[in-house]
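The lines below spell out each chain.
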Amino acid sequence: MKSSVKPSHAANDNLINRTREVWKPRLGCDLSREDARQIVENVTGFFAILAEWSRAEMPVPANDTTKPSTPDAGEVPHGS
């Protein structure tokens, strides 16, 4: 699930610059803006997947009415 809110150009520039600062000493070489953009995209995607998995593992409360219940395939509807 992607956010419909787009970061501002200045915020995006700050994120790319900060990414370059953080990763340069760890990689031992200078990073291009494109390298930094790809790192940001990959890390963001990684945490999005973790969040999705976390939501999928959450039990649904018994009184949750957001999803309609459907009868099992072998169940016969009553009143027919």
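Below or above, wherever it landed, is the structure these notes cover. (Residues numbered from 1 in each chain as written. Predicted model: local features only at pLDDT ≥ 70, side-chain atom pairs only at ≥ 80, totals over all residues. Heavy atoms only, no water.)

1. Details of a nonpolar patch on the surface
Then comes step 1: Taken together, the side chains of W23, L27, V43, F46, F47, I49, L50 and W53 make up a nonpolar region of the molecular surface, amounting to roughly 790 Å² of accessible area.
Then comes step 2: Mapped by element, the contributors of at least two residues to the nonpolar patch are α1 (9-27) and α2 (33-57).
Then comes step 3: In terms of residue count, the dominant contributor to the nonpolar patch is α2 (six residues).
Then comes step 4: Tracing the chain through its elements places W53 in helix α2. (Patch = residues over 30% accessible without salt bridge, like charges linked within 9 Å, V, L, I, M, F, W, Y side chains within 5 Å. Areas by Shrake-Rupley, 256 points an atom, 1.4 Å probe, with all protein chains shown as cover. Salt bridge = Lys/Arg side-chain N within 4 Å of Asp/Glu carboxyl O. Helix = DSSP H or I, 4+ residues; strand = E, 2+ residues; numbered from the N terminus.)

2. Quick look at the packing of α1 against α2
Then comes step 1: Running from N to C, α1 and α2 cross one another at 95°; their axes reach a closest spacing of 9 Å. As the angle between them shows, α1 and α2 are arranged roughly perpendicular. Facing α1, whose interface residues are D13, L15, I16, N17, T19, R20 and W23, α2 presents R33, A36, R37, I39 and V40.
Then comes step 2: Grouping the constituent residues of the contact of α1 with α2 by class yields six nonpolar, two polar and four charged. (Axes fitted to C-alpha atoms, helices over the stretch in contact; angles between N-to-C directions. Parallel < 35°, antiparallel > 145°, perpendicular 65-115°, else oblique. Contact = heavy atoms within 4.5 Å. Nonpolar A, V, L, I, M, F, W, Y, C, P; charged D, E, K, R; others polar.)

3. Quick look at the packing of aromatic side chains
Then comes step 1: For the coordinates displayed, the defined rule picks out one aromatic pair.
Then comes step 2: On the numbers, 5.2 Å between centres and 80° between planes, the contact of F46 with F47 is edge-to-face.
Then comes step 3: Of the residues examined, F46 reaches a relative accessible area of 48% and is grouped as partly exposed. (Phe/Tyr/Trp six-rings, centres within 6.5 Å; stacked < 30°, edge-to-face > 60°. Buried < 20%, exposed > 50% of the residue type's maximum accessible area, 1.4 Å probe, protein only.)

4. Things to note about α1
Helical geometry: 3.6 residues make up each α-helical turn, so side chains three or four residues apart lie on a common side.
Then comes step 1: The first and last C-alpha atoms of α1 sit 26 Å apart over 19 residues, in line with the 27 Å expected at 1.5 Å per residue.
Then comes step 2: Count one or two residues on from α1 and you reach G28, which has phi positive near 75°. (Expected span 1.5 Å × (residues − 1).)

5. Things to note about α2
Then comes step 1: If you check α2, its first and last C-alpha atoms are 36 Å apart, about what 25 residues at 1.5 Å a residue would give, namely 36 Å.
Then comes step 2: All of the buried residues along α2 are A36, I39 and V40.
Then comes step 3: Each element contacted by the buried residues of α2 is listed here: α1.

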